[in-house]
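Remarks on the overall topology
Given next are the chains, with one letter for each unit.
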Amino acid sequence: MNQKLLQNRLLALSFPKLSVFILLFSLLGVDVGFAKNQPNTFKTVDITVKGKVSDAETGDGLPGVSVTAKGSTKGAVTDVNGEYSITVSDGKAVLVFSYVGYTPQEITVGGQTQINIQLKSDSKTLSEVVVVGYGTAKKTDITGAVKSVRSEEFNKGIINSPEQLLQGKVAGVNVTSASGEPGSAQNISIRGPGGVRTGSTPLFVVDGLALDNSGTGGAMNPLTFLNPQDIETIDVLKDASATAIYGARGANGVVLITTKKGKAGTSSMNYSASLGISEIARALPVYTADEYRKAVPSVGGVLEDLKGNTDWQKEITRTAYTQNHNLTLGGGAGKLTYYASFGAQKQEGILKNNDLNLYTGRINVNQKFWEDRLNVDVNLNATFTNNSRPPIGSMIGNAISTNPTYPAYDAEGNPAVYPNLVNPLVSLKLERDITKTNRLIGNISPSLKITNDLVYKLNYGIDNSNSVRDLVSMPNAVPLQDGRLQTVYLNNSNSLIENYLTYTKDFNNNSFSALVGHSFQKIFLQGRSSSINKFPISDIDPIYNPGLGQELTLANNKPSGFATKNELQSFFSRLNYSFKDKYLLTATVRADGSSKFGANNKYGIFPSFAAGWRISEEEFMKGSRISNLKLRAGWGQTGNQEIPSKITQALFTSTVSASTSYPLTNTGPFPAGTTYSRLANPDIQWEVSTQTNIGLDFGLFNGALTGAVDYFNKVSSDILLEVIPSDPVQPAGTFWTNVKDMNITNKGLEIELAYRQKTASGINYGIGGNTTFIRNKVTNSPYSVIPSGSASGSGLTSATINGYLSGEPIGTFFLRDFTGFDDKGLSTYRDTDGDGIVTDKDRIAAGSALPTMQYNFFGNIGYKGFDLVVNFNGIRGNKIYDNTANSNFYKLRLSKGINTTPEAVQYANESVNNAAPVSTRFLKDGAFLRLNNMALGYSFNTKALGIDKYIPVLRLSVTGQNLFVITKYNGYDPEVNTDRTINGISSYGIDYLSYPKAKSIIFGLNVSF
């Protein structure tokens, strides 16, 4: 081990001990320096003050206003009608009334026992505090491209993960629900993808704990562990000046999730429940039985009619029900606050035998000590998930192609068995995929105010998950099936320890804050798999007794496994400076060292700079209708390390073969020969993303109209890629390196607008939206094309759909260009190189799966107890490759008695003998506009009902989710991205037997006690 590496490891190991030492030393010092005064022996007479806080313009009561006694720990919060009650020690007490978006007021109690207050709106306080990474800042002080979304703005409906809450809410953020399956992975990109094989998933940070993007087992989204009801805010860091503080993890953006906390002076219990009813939103328009009877003979096929009338898609789907129950407890007294929750969600998928049961528990505690100089936050979340899946791909494939004249059930009501096809209902009985996952995530974050200006904080977090996945094929006589059980065990362990100091100082017109810190994160992944075959037909499920299996051979049941350990050590700093609260400057730098990279390039340095000018604070802007106007500009670099582990090291393979073995003796087996399968490359370093951002934030009419415009240019360089050596005489066929000249550029324009108003008659309403125009481009690729997107289906094996080409966007479809049919009815394709024959050399760049425009808009209106919210989202400029139609819906299939859609016979001159290879024939427009969700609610006036003392909040709601989508695409849904990755090269925009989307109606109840 070289000296530099040894020093890094010793430093990493010493920091946890050093953290504890610093904390203990500081605590002892504070205990001596801030001893409490002697207790006051004089008795005081308590005074109870009651009253109402209302809006100065409308006169309506304001719920949630904080009422505190200045200089004490006593406090209260106004109820749904704006009323409060607080007890103070004497008449000298000063009550402070504060509420976000309003000017605070202070009132001396004196001899009053009834104090009514009217708060005036203040556009300056509308700039709420946002989380920016290792701290918080007022929105007015932000110099980077940061967007905060609060819980009341989240999408409504059946939600499984936080990405769904964000869909359509933030400009530049594209969330694709690639599957309608409960708990499925969501594709999210912030300002476009920047890597060939690194995907586009941003870094997620939950309450200060940076998550690993590795899966937790099965086909589950790793973020499903987080109960959406527990989330208070989601802050999205989009540009490098904001994300550079996370260095090597921030190239794809950063999503900061903050969970709910308790409030001092209150005590509340809330119960919410919902019942969702879901059905398939759009079925594929395959022929009905009567249509099929006409279609098959019309193309010269032989009709086999069993007199049935079966809608196979209807047979495998169902009306699905989702129950969601959440119980929360929150509050606090004095220096202790708490928030606790328990959630249970039982969700049925619209495909039969698809069920997701999710149970979550969370507790967040904050305790203050030593005159509030020591502040300890503890967050703990536990989740259990039980996910049961049918054989989705084969079941959908059979349902859309099976002869509809075949009855689904036999005379005894059992799924019918046929010798020449597989009844999808039989597959439902025989095939299962069950994954059970336990996940525990938590962190403790004590912060110590060493002086009034200097704060030390320690953050220690853990994230452990383990899962067991059972893939079961039940033994069966007809159709004959031996039976098989495969079990996969997966364990993920992620630990993080961070130490940082923050120094803040205000003097004259100057204000600055300096941050320095260290972070060490260790990630360990381990998996094991075992299987056994040939189970006897019995009542015993193979899961409960694998020993009944009768075949256990290395050929069919060889155990497998893997283990991966990654370590990341970082040093970071940030400086924020403000002059006269008008001129803002932010500078950050982070040094990251990763075990994934070679000895010569362990560390990468990622700097950023940003400046802001609050033009609205200048004297020449006083008195204007512009309440906020801020110009921002920033530049920065971030890194990407999402590559396989150990690729910098040589890899050897030992095999017995004609080319690697030779006899050492006259008799006996040949010894294995050891050869290179990967060359060492200690020079591999970080993939770097350099981003420039210029933005303008504005607000008019006292903050009623707000918006932002951002221009960005993000260039990813030093692209990590597996390439072929230039020297053909090499012991290995490929090696990993940074392609120095290759770049991936994303540039675009983001526009956000929102208008909110409240009328004198009590109607409050808001409208708004955001639009993103974005262009992606690959330049200087070392290959003419980097293939991706493997096609599926009969006759399509080894064909590719996507290609990375210089001068074209990521996700480009690289295909032969379909031009029609010849006089024999066979497909013709464009001969682009003019050599007289059509080969793969004639493929063209036929558009990209990445949209060039994303747009979203919303509206809300409320009057008295009623409120209505609608959210739309859409994209355009993208294409979809319909691999489902390519492999199923063409005339040859119909002539053989396989069901299709009318798309198969759209060309009258096509021959029934014509094949359907991959081409632009099945490339389709992917643009759409979707009504994502619409929610109507009513909040009862509990005071008028006389139950406000016991039930301050009572609310009913009904929500529609995915009510309609406008699109030219004729598949299940235009929002698709079936993973067809080749050798780790990401694919985009391919639809192949995707799980259909659901249309849902959800009825909700919310009660507070």
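All values reported here derive from a predicted model rather than from experimental measurement.

A word on the overall build of the protein chain. Counting its secondary structure elements, the protein chain contains 10 helices and 51 strands. Looking at the protein chain as a whole, 51% of its 1009 residues qualify as buried. Across the protein chain, the fraction of contacts at a sequence separation of at least 24, relative to all contacts at a separation of at least 6, is 70%. Just so you have it, the protein chain exposes about 45000 Å², and 57% of that area is on carbon and sulfur atoms. Taken as two groups, the 93 positive and 83 negative side-chain charges of the protein chain have centres that lie 4 Å from each other.

With that out of the way, let us pick up empty space enclosed by the protein. It is the rolling of a water-molecule-sized probe over the atoms that shows where space remains empty. Under the definition given, this model contains nine cavities of 30 Å³ or more. Surrounding the largest cavity, 29 residues form its lining, Ile-158, Gln-164, Gln-961, Lys-997 and Ala-998 being those nearest its centre. Within the residue set of the lining of the largest cavity, elements represented by two or more residues are β19 (336-348), β48 (928-939), β49 (953-967) and β51 (998-1008). By residue class, the composition of the lining of the largest cavity is five nonpolar, 18 polar and six charged.

In this section: the pairing of strand β33 (residues 705-717). Across 13 bridges, the pairing between strand β32 (residues 687-700) and β33 is antiparallel. Bridged to Asp-697 within β33 is Ala-708. Here β33 runs beside strand β36 (residues 743-758); their pairing, made up of 12 bridges, is antiparallel. In the sheet register, Gly-707 faces β36, and the bridge partner there is Leu-753.

Once their charged atoms are close, side chains differing in charge can pair, the charge on each being opposite to the other. This structure, assessed with the given rule, holds 39 salt bridges. Taking the shortest distance from any N to any O, the salt bridge between Asp-463 and Arg-439 comes out at 2.7 Å. Separated by 24 residues along the polypeptide, Asp-463 in strand β23 (residues 454-473) and Arg-439 in strand β22 (residues 431-449) bring together distant segments of the chain. For Asp-463, a relative accessible area of 4% corresponds to the buried category. A residue is classified by how much of its surface remains accessible, and Arg-439, at 8% relative accessible area, is buried. For Glu-617, the salt bridge identified is with Lys-622, shortest N-O distance 4.0 Å. Using a relative accessible area of 43% as the deciding quantity, one classes Lys-622 as partly exposed. One salt-bridge network, held together by shared partners, links Glu-181, Arg-389, Asp-433 and Arg-469.

It is worth spelling out the sheet that holds strand β7 (residues 117-119) at this point. Spatially, the three strands line up as an open sheet ordered β4-β1-β7, and their pairing is mixed. The open sheet is flanked by β4 (83-88) and β7, the only strands paired with a single partner. With strand direction ignored, the average angle separating the axes of adjacent strands in the sheet is 35 degrees.

Residue position: Thr-588 is located in strand β27 (residues 583-594). Note on Thr-588: relative accessible area 4%, which makes it buried. C-alpha of Thr-588 to C-alpha of Arg-574: the two residues are 14 residues apart in sequence and 4.2 Å apart in space. Leaving out residues up to four positions away in the same chain, Thr-588 has contacts with Ala-244, Ile-245, Ser-573, Arg-574, Phe-606, Pro-607 and Ser-608. Within the structure, the side chain of Thr-588 is placed 2.5 Å from the side chain of Ser-608, a separation counted as a polar contact.

Let us look at helix α6 (residues 392-401). Of all 10 residues in α6, seven are buried, a share of seventy percent or more. Turning to α6, its buried residues number three or more, namely Ile-392, Met-395, Ile-396, Gly-397, Ala-399, Ile-400 and Ser-401.

All right, on to the pairing of strand β10 (residues 146-150) then. For β10, the buried fraction is high: four of the five residues fall into the buried class. Relative to strand β15 (residues 231-237), β10 is paired through five bridges, and the arrangement is antiparallel. Looking at the pairing, Val-149 lines up with Ile-234 of β15.

Another point: unusual backbone geometry. In this model, Val-478 is joined to Pro-479 through a cis peptide bond whose omega is -5 degrees. You can see Pro-479 is positioned in the loop between β23 and β24 (484-507). Located in the positive-phi region is Lys-307, a residue other than glycine, with phi close to 70 degrees. Residue classification places Lys-307 among the exposed positions, given a relative accessible area of 68%. Backbone geometry places Asp-372, a non-glycine residue, at a positive phi of 70 degrees. Tracing the chain through its elements places Asp-372 in the loop between β20 (355-369) and β21 (374-389).

Right, let's get into the sheet that holds strand β3 (residues 75-77). Strand-to-strand pairing in sheets goes through backbone hydrogen bonds, with the strands running parallel or antiparallel. Read from one edge of the open sheet, four strands run β3-β2-β5-β6, paired in antiparallel fashion. The sheet is open, and its two edges are formed by β3 and β6 (105-108), each paired on a single side. Averaged over neighbouring strand pairs, the angle between their axes works out to 20 degrees when direction is ignored. Where strand β5 (residues 94-98) and β6 come together, four bridges link them in antiparallel fashion. Directly across from Leu-95, in β6, lies its bridge partner Ile-107.

Tracing the chain through its elements places Ser-792 in the loop between β38 (786-790) and β39 (800-804). Ser-792 sits 483 residues away from Asn-309 along the chain, and the two C-alpha atoms are 29 Å apart. If sequence neighbours within four positions are ignored, Ser-792 has contacts with Asn-883, Ser-887, Arg-980 and Tyr-992. Reaching out from Ser-792, the side chain makes a polar contact with the side chain of Arg-980 at a distance of 2.3 Å.

Among the residues making up helix α4 (residues 289-298), those that are buried are Ala-289, Tyr-292, Ala-295 and Val-296. Projection of α4 onto a plane perpendicular to its axis shows the buried side chains occupying an angular sector of 115 degrees, all on one side. Of the exposed residues in α4, the ones pointing more than 90 degrees away from its buried face are Asp-290, Lys-294 and Ser-298. The secondary structure elements touched by the buried residues of α4 are α10 (891-895).

Scoring rules and cut-offs
- Residues numbered from 1 in each chain as written.
- Predicted model: local features only at pLDDT ≥ 70, side-chain atom pairs only at ≥ 80, totals over all residues.
- Heavy atoms only, no water.
- Helix = DSSP H or I, 4+ residues; strand = E, 2+ residues; numbered from the N terminus.
- Buried < 20%, exposed > 50% of the residue type's maximum accessible area, 1.4 Å probe, protein only.
- Contact = heavy atoms within 4.5 Å.
- Areas by Shrake-Rupley, 256 points an atom, 1.4 Å probe, with all protein chains shown as cover.
- Lys, Arg positive; Asp, Glu negative; His and termini not counted.
- Charge placed at Lys NZ, Arg CZ, Asp CG, Glu CD.
- 1 Å grid on protein atoms, 1.4 Å probe; cavity = no way out; pocket = protein on both sides within 12 Å on 5 of 7 lines; lining within 4 Å.
- Points joined across faces, edges and corners; volume = space filled by probe spheres on them.
- Nonpolar A, V, L, I, M, F, W, Y, C, P; charged D, E, K, R; others polar.
- Pairing = 2+ DSSP bridges.
- Salt bridge = Lys/Arg side-chain N within 4 Å of Asp/Glu carboxyl O.
- Axes fitted to C-alpha atoms, helices over the stretch in contact; angles between N-to-C directions.
- Polar contact = N/O pair within 3.5 Å; in protein donor to acceptor, adjacent residues only side chain to side chain.
- Arc of directions from axis to C-beta.

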